[in-house]
Each structure stands twice: as C-alpha cells, then as structure tokens.
Amino acid sequence: MSKKSVISVGLAVGTLLVAAGLYWFQPWKLWLDETVREELPAAAVSPSSPGTTSSPDSPAGPKVLATGTFISHEHPTEGKVRIVELPDGSRTLRLEGLDTSSGPALRVWLTDAPVKEGKDGWHVFDDGAYVSLGELKGNKGDQNYALPAGVDLNRYTSVSIWCDRFDVSFGAAELSGAAA
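Being a predicted model, the structure only gives us computed values, none of them experimental.

Draft legend 1. Layout of the nonpolar core. Core analysis: the largest hydrophobic core is formed by 28 residues, its most contacted members being I83, L93, L95, V108 and L110. Listing elements by their share of this core, those giving two or more residues are β2 (63-72), β3 (78-85), β4 (91-99), β5 (106-111), β6 (130-135), β8 (158-163) and β9 (168-174). Beyond its immediate sequence surroundings of up to four residues, L93 is in contact with V81, R82, I83, V108, L110, L133, Q143, N144, Y145, L147 and V159. W109, A113, F125 and W162 belong to the second-largest nonpolar core, a separate cluster that totals 6 residues.

Written out as structure tokens, the structure is:
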C-alpha cells in the first residue's frame, strides 16, 4: 500500500470515529436548553398536601396523590414532582420548575428504586421495576406525563430523569403520599 492510501484510509477511519462519537455523546446538548411550559391538563391544583383537592367547593377537582423533590445525581437537577388524579380519573405525573442538563436519550421513569444521594444513586433505577413515561420534553420548566391506567403507585415510589444512552440518573425524586 502506498503512503497516500494509508493516509486516505486513516483519514476516512478518523472521520467515521469522530462522526460516531458526535452521534453517541451529542456534546452540543450540554449548551442547548429546551424550556417547556405546560399547564396541568385540568383546573390548576394548589400546592397542598397529598390527597387534598383544589378547593373545598369542587370535590371532583384534581387531587394530589404524591409529591417529591428532585436531588442531583450525574447532573445538577432541581424541581418538584406531583402525581395528580384528574376529575376524569386519569393520572398525570407533573414536573414543576425542572432544571437539569440536557442530554441524549433522556426519559422520565416512575420506578420502585430507592432514591440515594451521591454516586450510589446514579445507577439503581434500572435494577428493578420501572415504567417509562416517555422522552423528557425539555430540560427546564413545567411538563406533564400521562400515567398508564393500572400503574400501582404503592409499588412505584420514585421518579428518575434517566439517560438511556449511558444508563445513569441525572436526578431523582422520592415520592411521598403515594396511594392508588
């Protein structure tokens, strides 16, 4: 093989490796934010304790079933989680004031894993049972995720912003007040 051929093959392989690395890691997402501002699908629920309705005059209004506060794992993560039962009986997981990093293949998971501080908590959420509620809509803001019918909130006790690409939690919240 000539010296030109070796250089050409080396450049082609190098270009493929750089392209694959960019696809896999998606480093530009570290600097791009996606803010979502969704309203609760029904009348707003006041920030109250789990199990209370939005007002005493509307017993059929939305009801908070569980709440939690995010802690940081792989990336700094802040915000609140509420699970709300709507008047039609459907349930929604709501992220409020979410602020985390963007990343590739981020998902919202309802899990049965305990929320642990530090690196001990980064990888526990795929060890047990979890329900994927879909792709994270944005790394900032307020957003809603419909819970599938039949999900037992006594079984699933935490929420994770999960990076499916690297099998790591960006942040997680332990749910309190969970009841089906």
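Additional details are given in the paragraphs that follow.
Draft legend 2. Structural context of the environment of K119. Relative to the helices and strands, K119 is located in the loop between β5 and β6. Judged by its relative accessible area of 62%, K119 falls in the exposed class. Counting along the chain gives 47 residues from K119 to S72, while the straight-line C-alpha distance between them is 9.7 Å.

Draft legend 3. Seen up close, the pattern of salt bridges. For the structure on display, the rule yields 4 salt bridges. A salt bridge links R94 to E96, with the shortest nitrogen-to-oxygen separation between them at 2.9 Å. Put simply, R82, R94 and E96 are held in one network by salt bridges that share partners.

Draft legend 4. Structural detail: the pairing of β5. Of all 6 residues in β5, 5 are buried, a share of seventy percent or more. Bridge analysis of β5 against β8 gives 6 bridges, and the strand direction is antiparallel. In the sheet register, R107 faces β8, and the bridge partner there is W162. Examined bridge by bridge, β5 and β6 share 4 bridges and lie antiparallel to one another. Residue pairing across strands places T111 opposite Y130, the latter belonging to β6.

Draft legend 5. Geometry of the sheet that holds β4. Taken in spatial order, the 9 strands make up an open sheet running β1-β7-β4-β3-β2-β9-β8-β5-β6, and their pairing is mixed. Taken across any chain shown, the strands that pair with only one partner, and hence form the sheet edges, are β1 (35-37) and β6. Pairwise comparison of adjacent strand axes, ignoring direction, gives a mean angle of 25 degrees for this sheet. Both β2 and β3 contribute to a ladder of 6 bridges, which runs antiparallel. The partner of G68 across the bridge, within β3, is V81.

Analysis parameters
Residues numbered from 1 in each chain as written. Predicted model: local features only at pLDDT ≥ 70, side-chain atom pairs only at ≥ 80, totals over all residues. Heavy atoms only, no water. Core = buried A, V, L, I, M, F, W, Y, C linked by side-chain atoms within 4.5 Å. Buried < 20%, exposed > 50% of the residue type's maximum accessible area, 1.4 Å probe, protein only. Helix = DSSP H or I, 4+ residues; strand = E, 2+ residues; numbered from the N terminus. Contact = heavy atoms within 4.5 Å. Salt bridge = Lys/Arg side-chain N within 4 Å of Asp/Glu carboxyl O. Pairing = 2+ DSSP bridges. Axes fitted to C-alpha atoms, helices over the stretch in contact; angles between N-to-C directions.

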